[in-house]
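The primary structure of each chain is shown beneath.
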Amino acid sequence: MALESRIFELTQLDAKTLPERALKLAEEAGEVAQAVLSATGASGSAYKGLNLADVREEAADTAIVALSILAQTCEDEAMFKAELNRLLSEKCGKWEAVLKRQA
């Protein structure tokens, strides 16, 4: 099963409301920040002993929750996949345009 299908299916099985999912995303973003601070030895955070593997794990958790929010706002799996591709393409295009202006 493709990851997009799996995320859509798991989202349908999970009873979280959209606000609950949004709060979960904020929680996961905080965990990414904590891992980055610790992994880079930031003052007051290095003692946690986290490393780049922890950063990757927390980033993956954050991405999954963000995708589940997108999935929850779509009527069906086909719409989810189409919106995912459309939005990622559009957002990457904007990012690329910013980078070109900065160069």
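Residues numbered from 1 in each chain as written. Predicted model: local features only at pLDDT ≥ 70, side-chain atom pairs only at ≥ 80, totals over all residues. Heavy atoms only, no water.

Colleague: Pulling in residues and values, what's your account of the layout of surface pockets?
Modeller: Taken as a whole, the largest pocket encloses approximately 260 Å³ of empty space. Residue lining of the largest pocket: L3, R6, I7, L10, T11, D14, K16, R21, K24, I64, V65 and S68, and that is the complete set. A per-element tally of the lining of the largest pocket places helix α1 (residues 3-13) first, with 5 residues. Split by residue class, the lining of the largest pocket holds 5 nonpolar, 2 polar and 5 charged. (1 Å grid on protein atoms, 1.4 Å probe; cavity = no way out; pocket = protein on both sides within 12 Å on 5 of 7 lines; lining within 4 Å. Points joined across faces, edges and corners; volume = space filled by probe spheres on them. Helix = DSSP H or I, 4+ residues; strand = E, 2+ residues; numbered from the N terminus. Nonpolar A, V, L, I, M, F, W, Y, C, P; charged D, E, K, R; others polar.)

Colleague: Lay out the state of the cysteines with the relevant residues and their values.
Modeller: Inspection of the entire model under this criterion finds 0 disulfides. Of all cysteine sulfurs in the structure, the one in C92 sits closest to C74, which takes part in no disulfide; the separation is 17 Å. Given the relative accessible area of 9%, C74 is considered buried. According to the relative accessible area criterion, C92 is partly exposed, its value standing at 44%. (Disulfide = S-S within 2.5 Å. Buried < 20%, exposed > 50% of the residue type's maximum accessible area, 1.4 Å probe, protein only.)

Colleague: Please provide a residue-by-residue account of the environment of A103, values included.
Modeller: Note on placement: A103 falls in the segment after α4 (77-102). A sequence separation of 102 residues divides A103 from M1, and the C-alpha atoms of the two residues are 40 Å apart.

Colleague: So what about α4? Which residues, and what values?
Modeller: Taking 1.5 Å per residue, 26 residues should reach 38 Å; α4 reaches 37 Å between its end C-alpha atoms and fits that length. If you check the start of α4, you find a side-chain oxygen 3.3 Å away from the backbone N of A78, and it comes from D76. (Expected span 1.5 Å × (residues − 1). Polar contact = N/O pair within 3.5 Å; in protein donor to acceptor, adjacent residues only side chain to side chain.)

Colleague: Before we move on, can you summarise the environment of L67 with the specific residues and values?
Modeller: You can see L67 is positioned in helix α3 (residues 52-72). With 27 residues separating them along the chain, L67 and T40 place their C-alpha atoms 27 Å apart. Setting aside chain neighbours within four positions, we find L67 in contact with I7, F80 and L84. (Contact = heavy atoms within 4.5 Å.)

Colleague: Tell me about the nonpolar core, residues and numbers included.
Modeller: Judged by nonpolar contacts, I7, F8, L70, A71, C74, F80 and L84 together constitute the single largest core of 7 residues. Put simply, the parts of the chain that give this core at least two residues each are α1, α3 and α4. In contact with I7, other than residues within four places in its own chain, are L67, S68 and F80. (Core = buried A, V, L, I, M, F, W, Y, C linked by side-chain atoms within 4.5 Å.)

Colleague: Residues and numbers for the packing of helix α2 (residues 18-39) against α3, please.
Modeller: Where α2 meets α3, the closest approach of the two axes is 8 Å, and the angle between their N-to-C directions is 165°. As judged from the angle between their axes, α2 and α3 are roughly antiparallel. Relative to α3, the crossing made by α2 is left-handed. Of α3, the residues touching α2 (which contributes L18, R21, A22, K24, L25, E28, A29, E31, V32, A35, V36 and A39) are L52, D54, V55, E58, A59, D61, T62, V65, A66, S68, I69 and Q72. Residues of the contact of α2 with α3, tallied by class, amount to 14 nonpolar, 3 polar and 7 charged. (Axes fitted to C-alpha atoms, helices over the stretch in contact; angles between N-to-C directions. Parallel < 35°, antiparallel > 145°, perpendicular 65-115°, else oblique. Left-handed = near helix turned anticlockwise from the far one by under 90°.)

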